[in-house]
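# Structural overview
Listed here are the chains, written in short residue letters.
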Amino acid sequence: MNWDALAAISEIIGALAVVITLAYLAVQIRQSNDLLRSESRQTLVSNDVTSLGVNISNTDVFKKYVFEEDLTEEEQLRMSFMFTLDLRNREFEYFQFKNGLLDEETWLAYRHVVLINHSTTLGRKWWDTVGRGIVDPEFAELVDGLLVNAESDDTYKRMATWAKT
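Below is a summary of the structure that appears in this document. (Residues numbered from 1 in each chain as written. Predicted model: local features only at pLDDT ≥ 70, side-chain atom pairs only at ≥ 80, totals over all residues. Heavy atoms only, no water.)

### Here's the deal with the nonpolar core
In plain terms, the rule: As used in this record, nonpolar core signifies buried Ala, Val, Leu, Ile, Met, Phe, Trp, Tyr and Cys residues forming a set joined through side-chain atoms within 4.5 Å. For every residue, the accessible area obtained with a 1.4 Å probe (protein chains only) is divided by the maximum for its type, and the residue is called buried under 20%, exposed over 50%, and partly exposed between those limits. Segments assigned H or I by DSSP are reported as helices when at least four residues long, segments assigned E as strands when at least two residues long, and all are numbered from the N terminus. By the convention used here, residues are in contact when the closest approach between their heavy atoms is within 4.5 Å.
Ranked by size, the top nonpolar core spans 25 residues in total, and within it Tyr 65, Met 79, Trp 127 and Phe 139 carry the most contacts. Breaking this core down by element, the ones donating at least two residues are α2 (59–66), α3 (73–98), α4 (104–118), α5 (121–129) and α6 (137–147). When neighbours within four sequence positions are excluded, Tyr 65 is seen to be in contact with Leu 71, Met 79, Phe 83, Ile 116, Asn 117, Thr 120, Leu 122, Gly 123 and Tyr 156.

The structure is reproduced here in structure tokens:
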């Protein structure tokens with residue numbers, strides 16, 4: 001065998017090695033992305049479970065909120081903590097969506113909670129007085145856009161009265 005043939009075979013083997021390496025790296029990147037999406041989803045679920053747990057232990061405040069009764073200063077503070085926790089969850093989800101770790105359909109479902117919480121009279125008042133100033137400006141702009149023409153959402157009222165209908 002001459003040197004030219006040996007060089008050609010070496011080039012072919014080298015090219016195959018590069019292709020195999022690239023295929024291996026593509027598989028590894030895909031697996032890493034799948035893992036990131038899975039971890040992100042787990043974090044979202046964990047955040048929601050935390051919020052629901054806090055909300056369950058504050059149903060007295062939600063009842064007043066739903067039926068637009070006056071809230072004491074302590075109740076306003078408790079409601080502010082609940083809204084802050086939930087708003088931070090939505091903000092996290094928004095940036096997960098923007099970074100491609102959350103699909104649009106899931107983001108839109110999570111985003112709807114913003115309307116549930118802040119499209120009511122009290123919810124908007126809290127947003128205007130407290131909420132807008134505690135989130136990222138880009139996210140605040142998104143929430144403002146959602147609330148511009150939003151009708152008052154009655155999800156909490158339906159949750160409190162579903163057995164009566």
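### Considering the side chain of Thr 120
Operational definition: Nitrogen and oxygen atoms within 3.5 Å of one another constitute a polar contact, given that in protein one can donate a hydrogen and the other can accept it, and given that sequence-neighbouring residues count only through two side-chain atoms.
You can see Thr 120 is positioned in the loop between α4 and α5. The class of Thr 120 is buried, set by a relative accessible area of 11%. Polar contacts involving the side chain of Thr 120 include one to the side chain of Tyr 65, which spans 2.7 Å. The contact partners of Thr 120, leaving out residues within four places of it in the chain, are Tyr 65, Ser 152 and Asp 153.

### Things to note about the pattern of salt bridges
The condition is simple: By definition, a salt bridge exists where a carboxyl oxygen of Asp or Glu is found within 4 Å of a side-chain nitrogen of Lys or Arg.
Evaluated as defined, the whole model comprises 10 salt bridges. Note that Glu 138 is salt-bridged to Lys 98, the shortest N-O span being 2.6 Å. One end of the pair, Glu 138, is in helix α6; the other, Lys 98, is in helix α3, with 40 residues separating them in the sequence. By relative accessible area, Lys 98 is classed as partly exposed at 45%. Put simply, Asp 144 and Arg 132 hold a salt bridge, and the shortest N to O gap is 2.8 Å. Linking Asp 144 in helix α6 with Arg 132 in the loop between α5 and α6, this pair joins segments that are 12 residues apart in sequence.

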